[in-house]
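Coordinates in review
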Amino acid sequence: MEDNVLAKPHPSATPPSAFADRPSYKWWVTWTIMVGSLLFALDTTIVNIAIPKIMTSSSRDLNQIQCELIIYLIGMSVVMPAVD
């Protein structure tokens, strides 16, 4: 009886490659990357649409807003690879 209990692998002892061999794992990764890319594009579009409102509320000209937009896009490009 004791040999039977010791012979069964513990659920946490399964190798990580066992999950990579399942086809559903690859689809979850694909969907996650697709949704992340879509949200990044949507976020950038929202910021671009909001530029005129930001300009009027903060009383800044186009050059100052462009500088802030470039800083925002650089920050997003640094963060995006780390998140995906």
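Residues numbered from 1 in each chain as written. Predicted model: local features only at pLDDT ≥ 70, side-chain atom pairs only at ≥ 80, totals over all residues. Heavy atoms only, no water.

**Focus: the overall build of the protein**
To be explicit about the condition: Note on conventions: DSSP H or I runs of at least 4 residues are helices, E runs of at least 2 residues are strands, and numbering of each starts at the N terminus. Relative accessible area decides the class of each residue, using a 1.4 Å probe on protein chains only: under 20% of the type maximum gives buried, over 50% gives exposed, and in between gives partly exposed. Method for areas: the Shrake-Rupley scheme with a 1.4 Å probe, in which residue coverage is limited to the protein chains shown.
Of the regular secondary structure elements, the protein holds four helices and zero strands. Each helix and strand of the protein, placed in order from N terminus to C terminus, yields the pattern α-α-α-α. Taken across its 84 residues, the protein has 6% of its residues classed as buried. By element, 71% of the accessible surface of the protein is carried by carbon and sulfur atoms, the whole surface being about 7200 Å².

**Examining helix α3 (residues 23–58)**
The criterion, for reference: A helix is expected to span 1.5 Å multiplied by its residue count minus one. Here the bend at each residue means the angle between axes fitted to two seven-residue stretches, the one ending at that residue and the one beginning there.
Over its 36 residues, α3 runs 51 Å from end to end, which matches the ideal 52 Å to within 8%, given 1.5 Å per residue. The sharpest bend along α3 comes to roughly 45°, located at I51, with the proline P52 sitting one to four residues further on. Residue S59 follows α3 closely and has a positive phi angle near 55°.

**Remarks on the pattern of salt bridges**
Applicable threshold: When a carboxyl oxygen of Asp or Glu lies within 4 Å of a side-chain nitrogen of Lys or Arg, that pair is called a salt bridge.
Under the definition given, this model contains one salt bridge. Note that R60 and E68 form a salt bridge whose closest N and O atoms lie 1.9 Å from each other.

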